[in-house]
Amino acid sequence: MILHDLIAYDTLRLIWWVLLGVLLIGFAVMDGFDLGTQILLPFVAENDLERRVVINAVGPVWEGNQVWLILGGGAIFAAWPPLYAVSFSGFYLAMFLILFALILRPVGFKYRSKREGPGWRAGWDWGLFVGGLVPALVVGVAVGNVLRGVPFRFDDAMRIFYDGTTLFELLNPFALLAGLISVAMLTMHGAAWLMLKTSGPVETRARGYGISAALLTAILYALAGIWLWLGVDGYAVTSTVVTDGPSNPLAKSVEVAAGAWFRNYEAHPWMMVAPALGLAGPLIAAGLMALGRGGLALLASGLSIFGIVASVGLAMFPFILPSSVDPRSSLTVWDASSSHMTLFVMLAATVIFLPLIIAYTTWVYRVLWGKVDARAIQDGRGHSY
Amino acid sequence: MELDIVALSRLQFATTALFHFLFVPLTLGLSVLLAIMETVYVMTGRTIWRQMTKFWGVLFGINFVVGVATGIVMEFQFGMNWSYYSQYVGDIFGAPLAIEGMMAFFLEATFVGLFFFGWDRLSKIGHLAATWAVALGSNFSALWILIANGWMQNPVGSAFNPETMRMEITSFFDVMFNPVAQAKFVHTVSAGYVTASIFVLGVSAWYLLNGRHLKLARRSMTVAASFGLAASLSVVVLGDESGYLTTEHQRMKMAAMEGMWHTEPAPAAFNLIGLPDQRARETHFAVQVPGVLGLIGTRSLTREIPGIFDLVEEAKDHIRDGIRAYDALQAIRAAPNGDAAPAEAKATFGDLGHRLGYALLLLRYVEDPRRATEADIEKAAWDTVPNVPTMFFAFRTMVGLGFFFILLTGTFFWLSARRALDRRRWLLRVAVIAIPLPWLAAELGWVVAEVGRQPWSIEGVLPTAAAVSNLGASTVLTTLLGFIAIYTCLFIVEMGLMLRAIRKGPDPDTGPEAPLAPGALVAAE
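These figures come from a predicted structure and were not determined experimentally. (Residues numbered from 1 in each chain as written. Chains lettered and ligands numbered in written order. Predicted model: local features only at pLDDT ≥ 70, side-chain atom pairs only at ≥ 80, totals over all residues. Heavy atoms only, no water.)

Enquirer: Just checking my understanding: could you explain the overall build of chain A for this structure?
Expert: Of the regular secondary structure elements, chain A holds 14 helices and six strands. In terms of C-alpha radius of gyration, chain A reaches 21 Å, essentially the compact-globule figure of 21 Å for 385 residues. Reported as C-alpha extents along the three principal axes, the dimensions of chain A are approximately 65 × 50 × 40 Å. When each of the 385 residues of chain A is scored for burial, the buried share is 61%. Summarising the internal contacts of chain A: among those between residues at least 6 apart in sequence, 82% fall at separations of at least 24. On chain A, roughly 14,300 Å² of surface is accessible, and the fraction owed to carbon and sulfur atoms is 70%. (Helix = DSSP H or I, 4+ residues; strand = E, 2+ residues; numbered from the N terminus. Rg over C-alpha atoms; globule rule 2.2 N^0.38 Å. Buried < 20%, exposed > 50% of the residue type's maximum accessible area, 1.4 Å probe, protein only. Contact = heavy atoms within 4.5 Å. Areas by Shrake-Rupley, 256 points an atom, 1.4 Å probe, with all protein chains shown as cover.)

Enquirer: Any chance you could explain the pairing of strand β2 (residues 166-169) of chain B here in plain terms?
Expert: Two faces make up the sheet, and in a regular strand the side chains alternate between them. Residue and element names in this part refer to chain B. Side chains R166 and E168 of β2 all project onto a buried face; the interleaved residues M167 and I169 project onto the opposite face, where all are buried too. Across four bridges, the pairing between strand β1 (residues 158-161) and β2 is antiparallel. What sits directly across from S158, in β2, is I169. With antiparallel pairing between neighbouring strands as the criterion, β1 and β2 make up a hairpin whose turn holds four residues, including M165 at a positive phi of roughly 55°. (Pairing = 2+ DSSP bridges.)

Enquirer: Explain the pairing of strand β3 (residues 270-277) of chain B to me, please; I cannot follow it from the model alone.
Expert: Residue and element names in this part refer to chain B. Looking at chain direction, β3 and strand β4 (residues 282-289) are connected through six bridges and run antiparallel. Bridge assignment links F270 to a residue of β4, and that residue is V289. Where β3 folds back onto β4 in an antiparallel hairpin, the turn is made up of four residues, including R281, whose phi is positive at roughly 55°.

Enquirer: Quick question: what am I supposed to make of the packing of helix α2 (residues 24-44) of chain B against helix α3 (residues 47-81) of chain B here?
Expert: For any two helices packed against each other, the geometry comes down to the angle between their axes and how far apart the axes lie. Residues and elements named next belong to chain B. α3 packs onto α2 with a crossing angle of 160° between their chain directions and a minimal axis gap of 8 Å. When the axes of α2 and α3 are compared, the pair comes out roughly antiparallel. Here α2 runs over α3; the crossing is left-handed. Contacts between α2 and α3 involve L26, T27, L30, S31, L34, M37, E38, V40, Y41 and T44 from the former and T47, W49, R50, M52, T53, W56, G57, F60, N63 and F64 from the latter. Here the residues of the contact of α2 with α3 are counted per class, giving 11 nonpolar, seven polar and two charged. (Axes fitted to C-alpha atoms, helices over the stretch in contact; angles between N-to-C directions. Parallel < 35°, antiparallel > 145°, perpendicular 65-115°, else oblique. Left-handed = near helix turned anticlockwise from the far one by under 90°. Nonpolar A, V, L, I, M, F, W, Y, C, P; charged D, E, K, R; others polar.)

Enquirer: Could you clarify how one ought to interpret the UniProt feature "transmembrane region" (unreviewed entry) in chain A in this entry?
Expert: All names here are of chain A. Under the local residue numbering, the UniProt record ascribes the feature "transmembrane region" (unreviewed entry) to residues 14-33, 83-105, 126-150, 170-196, 208-230, 270-291, 298-321 and 341-365. End C-alpha atoms of residues 14-33 are separated by 29 Å, and the span's content is 100% helix alongside 0% strand. Within residues 83-105, the helical portion is 96% and the strand portion 0%, while the C-alpha atoms at the span's ends are 26 Å from each other. (UniProt positions renumbered as here; feature names shortened; annotations may be inferred.)

Enquirer: I tried to follow the packing of helix α4 (residues 81-90) of chain A against helix α4 (residues 83-117) of chain B on my own but got confused; where do I start?
Expert: At a minimum axis distance of 8 Å, the contact between α4 of chain A and α4 of chain B shows a crossing angle of 165°. In terms of orientation, α4 of chain A lies roughly antiparallel with respect to α4 of chain B. Every pair of crossing elements has a handedness; the one defined by α4 of chain A and α4 of chain B is right-handed. Note on element contacts: α4 of chain B touches α4 of chain A through S83, S86, Q87, G90 and D91 of chain B, opposite P81, P82, Y84, A85 and S89 of chain A.

Enquirer: Can you help me understand the interface of chain B and chain A in this one?
Expert: You'll often see interface size given as the accessible area lost when the parts meet. Counting residues at the interface gives 74 residues for chain B and 72 residues for chain A. Surface buried jointly by chain B and chain A totals about 6,900 Å² across both partners, of which 74% is contributed by carbon and sulfur atoms. Interface area lost by chain B to chain A is led by M102, F106 and F117 of chain B, which between them contribute 12%. The interface formed by chain B and chain A contains one salt bridge. A salt bridge links D156 of chain A to R333 of chain B; the nearest nitrogen and oxygen atoms lie 3.3 Å apart. The set of elements that each furnish at least two residues to the side of chain B that touches chain A consists of α3, α4, β2 and α19 (473-504) of chain B. Here the element with the most residues in the side of chain B that touches chain A is α4 of chain B; it accounts for 27 residues. Its residues placed into classes, the side of chain B that touches chain A shows 43 nonpolar, 20 polar and 11 charged. (Buried area = accessible area lost by both parts, 1.4 Å probe. Salt bridge = Lys/Arg side-chain N within 4 Å of Asp/Glu carboxyl O.)

Enquirer: It is not clear to me how helix α8 (residues 173-197) of chain A should be interpreted in this structure. Could you clarify?
Expert: One turn of an α-helix holds 3.6 residues; hence residues three or four places apart share an orientation. End to end, α8 of chain A covers 36 Å across 25 residues, agreeing with the expected 36 Å (1.5 Å per residue, within 8%). Of all the 25 residues making up α8 of chain A, 21 are buried; the element is thus mostly covered by neighbouring parts of the structure. (Expected span 1.5 Å × (residues − 1).)

Enquirer: For this particular structure, what's the right way to read the environment of M185 of chain A?
Expert: All names here are of chain A. For M185, the position within the fold is in helix α8. Taking the C-alpha atoms as reference points, M185 and Y162, 23 residues apart in sequence, are found 31 Å from one another. Ignoring anything within four residues of it in the chain, the contact list for M185 reads T217, I305 and I308.

Enquirer: Just to check I follow, could you spell out the pattern of salt bridges for this structure?
Expert: Side-chain pairs of opposite charge can arise where the charged atoms are in close proximity. Here the structure, examined in full by the defined rule, presents 25 salt bridges over all chains. Here R251 of chain B makes a salt bridge to E314 of chain B, at a shortest N to O gap of 2.9 Å. Separated by 63 residues along the polypeptide, R251 of chain B in helix α10 (residues 248-258) and E314 of chain B in helix α12 (residues 308-334) bring together distant segments of the chain. Taking the relative accessible area as the measure of exposure, E314 of chain B reaches 27% and is therefore partly exposed. Of the charged contacts in the structure, one is a salt bridge between R370 of chain B and D368 of chain B, with a shortest N-O distance of 3.1 Å. The partly exposed category is assigned to R370 of chain B, whose relative accessible area is 38%. Overall, the relative accessible area of 15% leaves D368 of chain B in the buried class. In this structure, a network of salt bridges that share partners links the residues D48, R51, R112, R121 and D125 of chain A.

Enquirer: Explain the packing of aromatic side chains here, please?
Expert: Both the distance between ring centres and the angle between the ring planes are used here to describe each pair of aromatic rings. Throughout the structure, instances matching the rule amount to 49 aromatic pairs over all chains. Where Y360 of chain A meets F111 of chain B, the ring centres are 5.3 Å apart and the plane angle is 50°; that geometry is what we call tilted. Note that Y360 of chain A is positioned in helix α13 (residues 340-367) and F111 of chain B in helix α4, a pairing that runs across two chains. The class for F111 of chain B is buried, based on a relative accessible area of 8%. An aromatic cluster of three or more residues is present, and its members are F77, Y84 and F88 of chain A together with F13, F76, F78, Y85 and F93 of chain B. Lying across the ring of W119 of chain B, K54 of chain B places its NZ or CZ 5.1 Å from the centre. Note that R396 of chain B overlies the ring of F392 of chain B, its terminal NZ or CZ placed 3.8 Å from the centroid. (Phe/Tyr/Trp six-rings, centres within 6.5 Å; stacked < 30°, edge-to-face > 60°. Lys NZ or Arg CZ within 6 Å of the ring centre and 35° of its normal.)

Enquirer: I tried to follow the environment of R121 of chain A on my own but got confused; where do I start?
Expert: Residues and elements named next belong to chain A. Counting through the fold element by element, R121 comes out in helix α6 (residues 118-148). Residue R121 is classed as buried on the basis of its relative accessible area of 6%. Sequence separation between R121 and G108 is 13 residues, and the spatial gap between their C-alpha atoms is 9.1 Å. Not counting chain neighbours up to four residues away, the residues in contact with R121 comprise D48, R52, R112, S113, R115 and E116.

Enquirer: I keep staring at the environment of F43 of chain A and nothing clicks. Help me out?
Expert: Mapped onto the elements, F43 of chain A comes out in helix α1 (residues 9-44). With residues up to four places along the chain from it excluded, the contact list for F43 of chain A reads F129, R205 and Y209 of chain A.

Enquirer: Teacher, can you tell me more about the side chain of H340 of chain A here?
Expert: Take H340 of chain A: it is sitting in helix α13. Once residues within four sequence positions are removed from consideration, H340 of chain A is found in contact with H4, D5, I7, A8, Y9 and L12 of chain A.

Take a look at the structure:
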């Protein structure tokens, strides 16, 4: 098959770097409001009916949204195998925590309202809270650690070794700050969703929490930017960059330098759009929430997520996973991808299926449009959770 | 088995896979049964069929979420516990998993929400479309997962690239249309249909025995018996034996399943029962049926089926070739760039590169395969034999159950045709007792397929022992215990809710028939 030569290897790598971003942002935006809603569950709802309203606000859609995460995992495996191999095993216990939380989630949604007992329901409510908080926090902490560099290296046979990535070491102050940003950001997003889907006291409370979360997001994000500038060294490739060579990370040399994460922004000022969105988006979202415009606030918080995630990706480009103990082992866009043919086949599949996914997801959201009807839940109509 | 990192990682994988596979077959089969029942509702307009769809749908939902929850663990644990595997074969193995997400799971997971929440919001046809989307999604899902698994059993369409030190794809078409994968797909989804059919059959039989929900139970039994009969015939007749003879190791798997140590003159006899002894390397007390194995295995009277001893001899040759390939690879890697590598080494690697995996089998005994002694080669060659007693008994139990399912579904099909479903109460009791058996068969099928693949993670390419992550044994032990605790709780909760829902029975469906077209729905509101 010569078909894959239609698109140059380095172009494909760049496209897959963008698609990696699309999938991560897709997960954060789509599943993000589910996670945020779960985090808000104990705070915005005061009785069982209100809690059921909150759960039913995401009930029909969380399952589809979660596939963004599953697809993200699969796409990283297929398009960036070394990234998948290093990050999933390097963050082993953190991944276990995420899995634990993600297991609680589906069963929490599905099983909670199947029995009456207050103990049973309260237990699953806490399960849902943990199932929202833990993934949001851990993913943020992981991103913080990626910016600092992760202690891994390859040997000559491309076997992966780690020099201390215990859970404890992952919890350094900068990474914790990143984790808090993630939690605040998704809480803001979940609050906007609840404003759109609920009414009465739940909507009012969601608005209050949403405004605080949005303001907190903007403040913490600005703080992290300053910290990154002053206190976190970046990485830069010092050897000649071959963009279409075989995927062998060990063929390059890399330096660790203060301020290196800001070089892309100096060279290409247009990239500043991303951090600007990340900073202004939450403020706009807070304003819209104050005005009671849930739908527009959801849009603004979605754009904030886009800006915040994209700003990290652009700062690090071409790095996708820097190594702190052996910088040469760092993974970059140019040396950590799948083969030319796999990237092409995967792109073909994406071009066919992604528009379809977006089309039927849009249709499903249209069918489910409108606020959750508390009376319908009470009457047990529509198979509500 | 001592509990080193390899054993612990394997235990964790097996725990998750076997647990996940408790929920997948029912999802596969029940989604199709739901779609069939709802189709009958839409075509006849009888609301009893909607009530059936909703009732079995509740049970489907309870089962489905645990499958989803554990499916995420399945996908993530390759990277977590098998990072060298992920790095080594991600170029090929990752693609089907990602395409599964895009093509199948997205469809299934997006529409499953509409299945439960859309009854009042969609027209008859619209809701039926959502149900079929769930069924289609779950079955496509199985297709891509089995394309990935089929490649582990029969790694076609790929080659090792010395520049990146990993396997890379050479033909996506070959990977997709891998005969082993296709056979496995048919076998596995059919097994899922059987599981769901016997589940519906058994639960309905329990209602008949207790004189409850008779209309729903009889109709459900009719659907389940006919669907289940077709499916159980398909499992056995179109079983995945067609894939067994296509590769080296599938032949070893077959020999191990049969406990056949020595090549017999064609056509080989079938060991009906016996007691395989791995240490003595023979099968005691074998009761043989002459000729049957040769006929099933080769569909000829003259082709021989190789025994374990002969296959081990072959493995020794492969290992020696593997050592030469390994040596050539080191020479190629030592050169400053690809073009400068010695032509001789490149030629050797070109010829023998596909045996490189056999050299990696020696890593258990020597650090550098090139320094292996004859004794090391002998040991490594015998390592290519999977656990024979496990294979022998797992296979026999599975096949025996397969024939029992044909008998059971066939009997109820006949009774249903004669409208005599509740005439023989002991048969209804048998149907209730049979409910767990398809799960047993499915789990044993997994054991036959994956224990039979050992010592390889990718047959002939990457030994399981070389594929693990460099994690501490205590770390993996911690997560293993954690997973076991979670799975145990989930299992208890799931079973509890399942039994509750069955005891409670269907909700009364007194609503009017839903309008056919979307326009009519708006008018009705």
